[in-house]
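Here is how the chains run, residue by residue.
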Amino acid sequence: MTEKQFTKLVEAHRLRGKKTIKACRLVLVKGLTAYAAGKETGLDKAALSRVLAKLQRPLCPTCGRPLE
């Protein structure tokens, strides 16, 4: 995933929290494992896994919002 795609995804899902966004960027853009990203940012692996699952939800092609 590119940095531009990641930024669009974060905005669409309305992610908050600097540590959460940084950990997700490490996994999705840089290719680290969830364990390594969590360790580097201090974010719990379970919390990171939940956010990553949320980010995998498809976006509506019309409005760009996450589909339920």
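We now turn to the structure provided with this report.

Criteria and cut-off values
Residues numbered from 1 in each chain as written. Predicted model: local features only at pLDDT ≥ 70, side-chain atom pairs only at ≥ 80, totals over all residues. Heavy atoms only, no water. Salt bridge = Lys/Arg side-chain N within 4 Å of Asp/Glu carboxyl O. Helix = DSSP H or I, 4+ residues; strand = E, 2+ residues; numbered from the N terminus. Buried < 20%, exposed > 50% of the residue type's maximum accessible area, 1.4 Å probe, protein only. Disulfide = S-S within 2.5 Å. Contact = heavy atoms within 4.5 Å.

## Overview of the pattern of salt bridges
Phase 1 of the analysis: Taken as a whole and judged by the stated rule, the model has one salt bridge.
Phase 2 of the analysis: Residue E3 pairs with R25 through a salt bridge whose shortest N-O separation is 2.6 Å. With E3 in helix α1 (residues 3-13) and R25 in helix α2 (residues 18-28), the pair connects residues that are 22 residues apart, well separated along the chain.
Phase 3 of the analysis: E3 gets classed as partly exposed once you look at its relative accessible area, which sits at 35%.
Phase 4 of the analysis: Exposure remark for R25: the relative accessible area of 27% places this residue in the partly exposed category.

## Section: the state of the cysteines
Each disulfide is one covalent bond, formed between the sulfur atoms of two cysteines.
Phase 1 of the analysis: Tallied over the entire structure, the rule returns zero disulfides.
Phase 2 of the analysis: Of all cysteine sulfurs, the one in C60 lies closest to C63, which takes part in no disulfide; the gap is 3.7 Å.

## Quick notes on the environment of I21
Phase 1 of the analysis: Note that I21 resides in helix α2.
Phase 2 of the analysis: Sequence-wise, I21 and C63 are 42 residues apart; in three dimensions their C-alpha atoms are separated by 22 Å.
Phase 3 of the analysis: Residues within four places of I21 in sequence aside, it is in contact with F6, V10, L15 and R16.

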